[in-house]
Amino acid sequence: MASEPLSFSRAELTALLFKAGRGAGLPLAHAEDLGRAVGRYGDEAAFDAALRSLAAPWSAIDLQMDGTQITIKNARAIQALGHVPEALEAGAEQVTLCSLDEPALIACFLQGFDVAAQQDGAHWHFRKGQAAPLVTAKPPRADQIESLEAYAARTYVPASATSRSGAGQGADQD
Amino acid sequence: MNVPLRKPEKVLSLSHMGVMQPSRLSFLRQLMRDLARLEATVTRSVWDMSAEGHGHAVYAVELGGYTYSLIAFSQHLADEDRSDRVIATAWDAAFVLFDGVPEASDIARLKQNVPHQEAGRLSPKELVLSRANKSVRLFTHVVDALRNGRQPEKAQIADCGYLMRTTAVYGNGKFGLADRTAYDQRPGLSGPFAAEMLTVWLIRGFTHDLAEHLGGAEINRDIKRFLGVGNATGLGMAPFLVSHPQLLHAWFHAREKALSAVLSKDAVSATEAETLLHRGAEASAYLESWEVADEDAMAEIRELRAEWSAFFATASKEALCVPGGLRAVFAGAQSGSPALEELAAAWILEPFDHQVALSTEGMATQLDLALDGAMTCGALKALIEEKCAWALSADFDKKSATAQFWYVSEEKLEPRLGARHEEPGADRESPLDTARAMQALHAALPATDEPCFTFLARAPEHRAIARRVQHLAGNDYGEIRANLIGEEAAPIHLLRAKLSFFGATRFDPKSTLWTRVTLAQGLPLRDEIGRDVPWLPSL
């Protein structure tokens, strides 16, 4: 059952998404992109999309380049969307993401970039242009935060006597 | 004459970072200048404290058209519960910097959360969270002296230098606090860590008030001014410098730009020379009074005292005022140890507010790293060879080159450092292995004209480090020139560098993992805003 929205800072959400991405096994840059995009700009729907994405298996992107046209097949949003602005900046006229799995993440990932998106069934075309305004609805729910924290926890190392000694900051009284 | 900036290979080496000193660019001193420029005022609006010194206080700051309130909670803490470790759960005092003037309901809410620190929850109305423990020996001495109608012994004041020490100062959204972006355009809070520095400076005033409350008398101003805030800093602070290459560049570039501008001056005026001599004498007194328990650290301080004494003897008014005199004097420091050079580099900036002010703009940059996807793989490979020689020269086939790994502890969610070949957990290490990652990217990159974004799409494991390497192209000071997972990499060097930028003095290393320092020592009291701020204070 969905729980109540919580008040988290965007810095907290950014850090949490980044750690969750790493915990889910994403390459570092994709985890960074996820944090910046969904952590800073995401609403409840974007967090749901991010969680579904983290649960799915992933592999390297299948990117095809034909002149100035770029196509990414079976595009997973949390991997492919980060490439869109840089491909357009690099000279591509159009980037097409085929069978994009989570369109709800488009607006978050493209915030701050001059990239316009156009839907064509399950495919999405991206060109330089004016981005659609970001519309954020509800903030993330407690159960979403808990799920992300579970992914993030996969990057933590359990405590041991050695790890405690590695914390620094002594306890001497003065 | 245009004097070139010192090379990043030098100033971002651990040997130089580990001996840095505070300077006119340090954030506490920037804050003091801003408070004076903006004619800030501080009033103690609430003092609800029991005879035992338990209760709460509120200090209101009028700054740049906004009101901020430091809310301090003081409580009983048994001696056995007093610990500077990050794993502590209770403290003598806890603090929050509140945005505005708190209502009674805010105080009630914060009273339930602030003393619990990480276990509590804050709101966007709060900017900074902190806590502090008494330095029991000095606190007791000061209170006893005041109760007996005396002033505290200066020798004891000089020996410790603070009544309380903070063990954490949290900002930028931690635990529900306001995001930095909510206030980073406001006058007085736009500088790096400005809200945190303001909080520390206000906490210092609270520690004075608490001792005077318990002692029933006032501490003399010269003593009170010297009482700063202690700080115990563990390695949790170190990864910040690695995970924020933009800020690392901004801070170091600002300092080097200021130094270059000053050294490029053809002549130093008599007034500027007199300021240099005054500040140099200040440094001599500071060095003589800087005592630490660690024998190796103390030996280094003694060596620096001798070096500084010999160096400063060459810096006569005549020597400074001849054309090119400042450059010649500084060249003398550069022929000494890194510690002497860094001390002299900070000293030279003292009289030159104009050059410092021009350099400090942009020190709080928050720009994201972006990939230039059009750069060819061959060009990216060449860039690594040009900019990352320290990374390419490391031999990662040797165990010593990967002896350590950084990780986040499950227990406190804090960064820690492990021995890779002896402890479990390296499979979960934090990405602070920048040198190794740069070398891996270099090995994987084809020397071709393929745009790098297509290569990085196929090899996404290299994309993050590719962004960092490209950032270095125009931001030379954005990477620490060291293999941070090698056996020789000690966090204490990173702590020293970052704390120097904060404005910390009296570094007192307790191991390679943590250090004590003093913050805000010598700064004006809250009713003295605008008073001259010493570079390196001594009593």
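Refer to the structure above for everything that follows.
Residues numbered from 1 in each chain as written. Chains lettered and ligands numbered in written order. Predicted model: local features only at pLDDT ≥ 70, side-chain atom pairs only at ≥ 80, totals over all residues.

1. Section: the overall build of chain B
Alright, step 1. A tally of regular secondary structure across chain B gives 22 helices and eleven strands.
Alright, step 2. The C-alpha radius of gyration computed for chain B amounts to 24 Å, which stays within 12% of the reference 24 Å derived for 539 residues, consistent with globular compactness.
Alright, step 3. Taken along its principal axes, the extent of the C-alpha atoms in chain B is 80 × 60 × 45 Å.
Alright, step 4. Classification of the 539 residues of chain B by burial places 53% in the buried group.
Alright, step 5. Counted over contacts in chain B with a minimum sequence separation of 6, partners at least 24 positions apart contribute 75%. (Helix = DSSP H or I, 4+ residues; strand = E, 2+ residues; numbered from the N terminus. Rg over C-alpha atoms; globule rule 2.2 N^0.38 Å. Buried ≥ 20, exposed ≤ 12 C-beta atoms within 10 Å, placed from the backbone. Contact = placed C-beta atoms within 7 Å.)

2. Side note on the environment of Ser59 of chain A
All names here are of chain A.
Alright, step 1. Within the secondary structure layout, Ser59 lies in the loop between helix H3 (44-55) and strand E1 (62-66).
Alright, step 2. Taking the C-beta count within 10 Å as the criterion, Ser59 has 9 such neighbours and is therefore assigned exposed.
Alright, step 3. Sequence separation between Ser59 and Arg76 is 17 residues; the distance between their C-alpha atoms is 9.3 Å.

3. Some points on the pairing of strand E2 (residues 69-73) of chain A
All names here are of chain A.
Alright, step 1. Only one face of E2 is covered, namely the one carrying Ile70 and Ile72; the face carrying Gln69, Thr71 and Lys73 has none of its residues buried.
Alright, step 2. Alignment of E1 against E2, held across five bridges, turns out to be antiparallel. Opposite Met65, over in E2, you have Ile70 as the bridge partner.
Alright, step 3. Counting the residues in the hairpin turn of E1 and E2 gives two residues, including Gly67, whose phi is positive at 65 degrees.
Alright, step 4. Bridge count for E2 against strand E3 (residues 94-97) is four bridges, and the pairing is parallel. Within E3, the position partnered with Thr71 by the bridge is Thr96. (Pairing = 2+ DSSP bridges.)

4. Side note on the nonpolar core
Alright, step 1. In terms of nonpolar packing, the biggest core is built from 144 residues, with Val96 and Met197 of chain B touching the most fellow members.
Alright, step 2. Here this core gets eleven residues from one element, more than from any other, and that element is helix H7 (residues 194-215) of chain B.
Alright, step 3. Other than its neighbours up to four places away in sequence, Val96 of chain B contacts Ile71, Leu110, Val114, Leu122, Glu126, Val128 and Leu129 of chain B.
Alright, step 4. Ranked by size, the runner-up nonpolar core spans 69 residues in total, among them Ala75, Leu97 and Ala117 of chain A together with Ala435 of chain B. (Core = buried A, V, L, I, M, F, W, Y, C linked by C-beta atoms within 7 Å.)

5. Examining the environment of Phe455 of chain B
All names here are of chain B.
Alright, step 1. Looking at where Phe455 falls in the secondary structure, it is placed in helix H20 (residues 452-458).
Alright, step 2. Through-space distance from the C-alpha of Phe455 to that of Met237 is 34 Å; in sequence the pair is 218 residues apart.
Alright, step 3. Here Phe455 is in contact with Cys377, Leu445 and Glu450, once residues within four sequence places are set aside.

6. What to know about the sheet that holds strand E6 (residues 162-170) of chain B
Residue and element names in this part refer to chain B.
Alright, step 1. If you walk across this open sheet you meet the nine strands as E1-E2-E3-E4-E5-E6-E7-E11-E10, and the pairing is mixed. At either margin of the open sheet sits one strand with a lone partner, and together these are strand E1 (41-49) and strand E10 (505-509). Pairs of neighbouring strands in the sheet enclose a mean axial angle of 25 degrees, with direction left out of account.
Alright, step 2. In terms of strand pairing, strand E3 (residues 66-74) meets strand E4 (residues 93-99) through seven bridges, oriented antiparallel. Across the sheet, residue Tyr68 finds its bridge partner in E4, namely Asp99. (Axes fitted to C-alpha atoms, helices over the stretch in contact; angles between N-to-C directions.)

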